[in-house]
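# Secondary and tertiary structure notes
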Amino acid sequence: MSNHNQADKTPTPRYKPYKGAAGGWGALISVTQAWLTSDNALKNIRTMLKTNQNGGFDCPGCAWGDSPESGMVKFCENGAKAVNWEATKRRVDAAFFAKHSVTSLLEQSDYWLEYQGRLTEPMVYDATTDHYQPISWDNAFKLVGRHLTGLTTPDQAEFYTSGRASNEAAYLYQLFVRAYGTNNFPDCSNMCHEASGVALSQSVGVGKGTVTFDDFEHADAIFVWGQNPGTNHPRMLEPLREAVQRGAQVVCINPLKERGLERFQHPQHPIEMLTNGDRPTNTAYFRPGLGGDMAMMRGMAKFLLQWERDAQTSQAPAVFDHDFLNEHTGGVLDYLAAVDDTPWEQIVEQSGLPLAEIELAARMYLKAENVIMCWAMGITQHRHSVATIQEIANLMLLRGNIGRPGAGLCPVRGHSNVQGDRTMGINERPPAFLLDALEKRFQFKVPRSNGHNVVEAIHAMLDGRAKVFIGLGGNFAQATPDSPRTAEALRNCELTVQISTKLNRSHLMHGKDALILPCLGRTDIDLQAEGPQAVTVEDSFSMVHASNGQLQPLSREMRSEPAIIAGIAAATLGTHPVDWNWLIADYRRIRDLIADTLPGFKDFNLRLENPGGFYLGNSAAERRWNTASTRANFKANTLPMDLIHENVRATGQVPDLIMQSLRSHDQYNTTIYGLDDRYRGVRGQREVLFANEADIIRLGFQPGQKADLIAIWDDGRERRVNGFTLLAFDIPAGQAAAYYPEVNPLVPLESVGTGSHTPTSKFVAIRLERSAVSNRIV
Ligand SMILES: Nc1nc2c(c(=O)[nH]1)N[C@H]1C(S)=C(S)[C@@H](COP(=O)(O)OP(=O)(O)OC[C@H]3O[C@@H](n4cnc5c(=O)[nH]c(N)nc54)[C@H](O)[C@@H]3O)O[C@H]1N2
Ligand SMILES: Nc1nc2c(c(=O)[nH]1)N[C@H]1C(S)=C(S)[C@@H](COP(=O)(O)OP(=O)(O)OC[C@H]3O[C@@H](n4cnc5c(=O)[nH]c(N)nc54)[C@H](O)[C@@H]3O)O[C@H]1N2
Ligand SMILES: [Mo]
């Protein structure tokens, strides 16, 4: 079995609802299967035991923080798969590329491409043969340097980052790019939690969550909005389950009944495993319409306001925290006027919830002394995401639920170091304090104008304003919306460079010149001139800690991300403004620069010695408000009149369904580990559309039939994917769900969040047509 290439097998598609709890035996069976198919089973089990331990490496899975208790084995099914995927023995080397042309690789699935193994040597594209061939590191760096120095302006280059890059890599990258002369930093957060950063900066003066791990133990209610932790943040199920056990409310708001949010069995808890027992992870479950959360929150605020007024007349205890409102906030009267002005009919219609349910949610919020609100992509990938997140902040401010133990805001981040990358300055709209600090420390003129985010970068490459694309990790071609246009954008470039661990579609949709630069991952030992190096990361709770790779790299030709960035920087800028090669000999030198220029990192190297790392701090958590008003701001946003975009309405078509795109249980973003989605009962297939049985029949289909999906958008372009199997699913009427990235061709590049520019991947108006052919973009 171990030598067999699983990716060559065609599994039989199956669909049968899952009965078990999340976690538990199912998770262990799944992990064991992944281990056995990795060709590296024993080593990986040892590797797992080093995950998230002091002296071990940070799990490349997600950004959920760890309990500060030591000695616990802290890994989950998700992390096990991520580690296993990285720690494979299989190689994608010169022989592999000699065998496969780029055109032939384009025929393969994303699953097959990544399954081939780790990239082990630098490769350059040869147009005459249509093959990648080996190139020396020196020549690769020179090629990049030549392209970059040859551009008319530095703004013609785009520097993408995916959120796995370490703090050291990210800091060096932004320093190089700014010294080169641009702020073009499209990054994965532009498609992820951007709306959280934008909204919270305006509301409470800091774009990060205000809670830490401990707060979960003291919360009386935890609201989980638009998130599927059973699959995407499994370690979060434990605090949720514990909260339920000690009598706290866990309130889930999700149109889908996600299994992890219903019941959870702890895979490391012997008694539960032996008895096959499981514990609930929620006490209430609300299922709003897609994009209906803000309406629900506004309804909750309207109830609170009504009860506050009742309390005033009857001289009962106040509902609002008046001391907090007076001392710390601004704009509450305007906000309450907006609440008064929002009609109940609009709230009920848009939320998709009966009034009684909104009232129940408001009561649960009111009854809890300390409330935490968590959210993820179900909230951030909408047109009105910034307003929705500000409504979360509004609700929390009304009762002083920010800046005290057991209460606060918790945007649950995705990639393991996406938050750290932002802290390090990966930001196309950099704050002035960062630029000032860089200018002062390094004595060069820092570019001051805003750079491109992901969507702007695609437009710039499409119309020729950008000519060079460099990707520090990630899979730009697949993660972005409007896939055929992104492919065209990348192919329009003079040079594309992908710094990657694994082969993916972004290597195949390349510019005229193209490089694949193989890098070390979190699990690999990173040996530099002065010895093995640790890197650092920051989790969702602003804890910074070290990560030490444990495994011997597969090849000497793989380099660390900092070393690759240093190589490119030296070939482009020489030793301006720093001696790049001296810096990477010992990463403590990079950390000293971070300590010199970024707030919160004083004595960085010293504080890293503290087991578990250190807390970066959060001004809002201390009730210091870094806003222009120096107060926490209520934001009186208007509830959108109609969630259907005017560009959809302009077509005159009524959408058959509104579709969200989401993750299966067997994927990490564009990395597809397998074709199953255990908790949703799907096996051996990904090209499926979850829809309500009544809708399937209303639209003239039968469950199990195939349909083509066509996006509705008034710009003369056809956006379609073909041959999706219709699965009758427990989903509210009028809604549908399908897997990302397969449906990215349906997300219009122009359909973005107001103020966040994030593609609206959770709200796509579609219609269905009969037919069935392959839909891979080549
Ligand atoms: N195993 C695994 N772990 C991961 C990832 C992965 O791909 N695989 N990705 C990582 C990354 S980068 C991220 S950002 C996170 C993503 O973590 P999640 O945000 O949990 O990811 P999604 O699968 O996009 O799930 C979105 C959830 O929101 C719900 N939803 C959709 N629209 C709405 C809405 O309008 N309102 C409400 N209330 N709910 C809605 C969906 O039903 C679904 O349950 O996970 C991280 N961790
Ligand atoms: N329709 C739709 N689109 C979405 C989303 C959605 O929910 N729906 N979610 C969005 C979100 S939340 C995100 S975060 C983005 C994700 O976008 P990206 O971050 O660009 O995508 P990933 O799939 O995480 O990138 C996987 C690739 O990263 C490389 N890689 C893995 N580990 C490392 C490493 O340690 N170093 C380096 N250099 N490379 C590495 C491997 O080559 C792998 O193929 O996608 C977004 N796109
Ligand atoms: Mo993400």
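See the structure shown above.
We now turn to the structure provided with this report. (Residues numbered from 1 in each chain as written. Chains lettered and ligands numbered in written order. Predicted model: local features only at pLDDT ≥ 70, side-chain atom pairs only at ≥ 80, totals over all residues. Heavy atoms only, no water.)

## Some details on the nonpolar core
Ranked by internal contacts, the top residues of the largest apolar core, which has 63 residues, are Leu148, Phe159, Tyr171 and Phe176. Here this core gets 10 residues from one element, more than from any other, and that element is helix α8 (residues 167-180). If near-sequence neighbours (up to four positions away) are discounted, Phe176 is found in contact with Leu148, Phe159, Ile565, Ile568, Ala569, Thr572, Leu573 and Trp580. The next biggest cluster of nonpolar side chains, apart from the first, holds 58 residues, and it includes Met300, Phe320, Ala362 and Ile392. (Core = buried A, V, L, I, M, F, W, Y, C linked by side-chain atoms within 4.5 Å. Buried < 20%, exposed > 50% of the residue type's maximum accessible area, 1.4 Å probe, protein only. Helix = DSSP H or I, 4+ residues; strand = E, 2+ residues; numbered from the N terminus. Contact = heavy atoms within 4.5 Å.)

## Thoughts on the site of ligand 2
Around ligand 2, the structure places 31 residues, and the nearest of them are Glu114, Tyr160, Glu561, Thr670 and Tyr740. Within the contact set of ligand 2, an oxygen atom lies 3.1 Å away from a backbone nitrogen or oxygen of Gly474. Thr670 is positioned with one of its side-chain polar atoms (N or O) 2.6 Å from an oxygen atom of ligand 2. In isolation ligand 2 has 930 Å² of accessible area, and contact with the protein removes 96% of it. (Near = heavy atom within 4 Å. Polar contact = N/O pair within 3.5 Å; in protein donor to acceptor, adjacent residues only side chain to side chain. Areas by Shrake-Rupley, 256 points an atom, 1.4 Å probe, with all protein chains shown as cover.)

## A look at the sheet that holds strand β12 (residues 284-286)
Reading across the sheet, the 5 strands line up as β12-β9-β8-β14-β15 and stay open at both edges, with parallel pairing between neighbours. Because the sheet does not close on itself, it has two edges, and the strands there are β12 and β15 (408-411). On average, each strand axis in the sheet is inclined to that of its neighbour by 15 degrees, with strand direction left out of account. Pairing geometry for strand β9 (residues 249-253) and β12, over 3 bridges, is parallel. In the sheet register, Cys252 faces β12, and the bridge partner there is Tyr285. This element, helix α15 (residues 293-314), spans β8 (221-225), β9 and β12 of the sheet and lies at about 150 degrees to β8. (Pairing = 2+ DSSP bridges. Axes fitted to C-alpha atoms, helices over the stretch in contact; angles between N-to-C directions.)

## Regarding the packing of aromatic side chains
Counted under the stated rule, the structure contains 32 aromatic pairs. Relative to Phe97, the ring of Phe96 lies with its centre 5.4 Å away and its plane at 90 degrees, an arrangement referred to as edge-to-face. Pairing Phe96 with Trp112 gives two aromatic rings, centres 6.3 Å apart and planes at 35 degrees, and the pair type is tilted. Of this pair, Phe96 sits in helix α4 (residues 94-99) while Trp112 sits in helix α6 (residues 110-115), and the two are 16 residues apart along the sequence. (Phe/Tyr/Trp six-rings, centres within 6.5 Å; stacked < 30°, edge-to-face > 60°.)

## A closer look at the pattern of salt bridges
Two side chains bearing opposite charge may form a pair once their charged atoms approach each other closely. Counted under the stated rule, the structure contains 44 salt bridges. Between Asp596 and Arg441 there is a salt bridge, with its nearest N and O atoms 2.9 Å apart. Here Arg441 lies in helix α23 (residues 432-442) and Asp596 lies in helix α30 (residues 587-597), a separation of 155 residues in the sequence. For the salt bridge of Asp482 with Arg485, the shortest nitrogen-to-oxygen distance reads 2.6 Å. This pair shows no difference in class: Asp482 is buried, exactly as Arg485 is. (Salt bridge = Lys/Arg side-chain N within 4 Å of Asp/Glu carboxyl O.)

## Notes on the sheet that holds strand β11 (residues 279-280)
Read from one edge to the other, the open sheet built from 3 strands follows the order β2-β10-β11, with strand pairing classed as mixed. Here the strands that pair on one side only, and so sit at the sheet edges, are β2 (22-23) and β11. Here strand β10 (residues 263-265) runs beside β11; their pairing, made up of 2 bridges, is antiparallel. Across the sheet, residue Phe264 finds its bridge partner in β11, namely Arg279.

## Quick notes on the packing of α8 against α23
It is at 12 Å that the axes of α8 and α23 come closest, and there the two elements cross at 80 degrees. For the element pair α8 / α23, the angle class is roughly perpendicular. Along its contact with α8, which presents Tyr171, Gln174, Leu175 and Arg178, the element α23 presents Leu434, Leu435, Leu438 and Phe442. Within the contact of α8 with α23, the residues separate by chemical class into 6 nonpolar, 1 polar and 1 charged. (Parallel < 35°, antiparallel > 145°, perpendicular 65-115°, else oblique. Nonpolar A, V, L, I, M, F, W, Y, C, P; charged D, E, K, R; others polar.)

## Things to note about the pairing of strand β18 (residues 513-518)
Every other side chain in a regular strand lies on the same face of the sheet, so the side chains alternate between the two faces. Of all 6 residues that make up β18, 5 are buried, and the element is covered over most of its length. Note: strand β5 (residues 123-126) against β18, 2 bridges, orientation antiparallel. By the bridge assignment for β18, Met123 is matched with Ile516. Bridge count between strand β17 (residues 495-500) and β18: 6 bridges; the pairing is parallel. Note on β18: the bridge partner recorded for Gln498 is Ile516.

## Focus on the side chain of Thr572
Along the chain, Thr572 falls in helix α28 (residues 561-573). Classification of Thr572 as buried rests on a relative accessible area of 10%. There is a polar contact of 2.7 Å between the side chain of Thr572 and the backbone oxygen of Ile568. In this structure Thr572 touches Gly145, Leu148, Thr149, Phe176 and Tyr180, once residues within four positions along its chain are discounted.

## Things to note about the site of ligand 1
Neighbouring ligand 1 are 30 residues; Glu258, Gly291, Asp293, Gln667 and Asn669 lie closest to it. Asp293 places a polar side-chain atom, nitrogen or oxygen, 2.6 Å from a nitrogen atom of ligand 1. Between an oxygen atom of ligand 1 and a side-chain N or O atom of His382, the distance comes to 2.8 Å. Where the shell around ligand 1 is concerned, the elements lending two or more residues are α11 (229-232), α20 (377-380), β25 (657-662) and β26 (667-668). Partitioned by chemical class, the residues of the shell around ligand 1 number 10 nonpolar, 16 polar and 4 charged.

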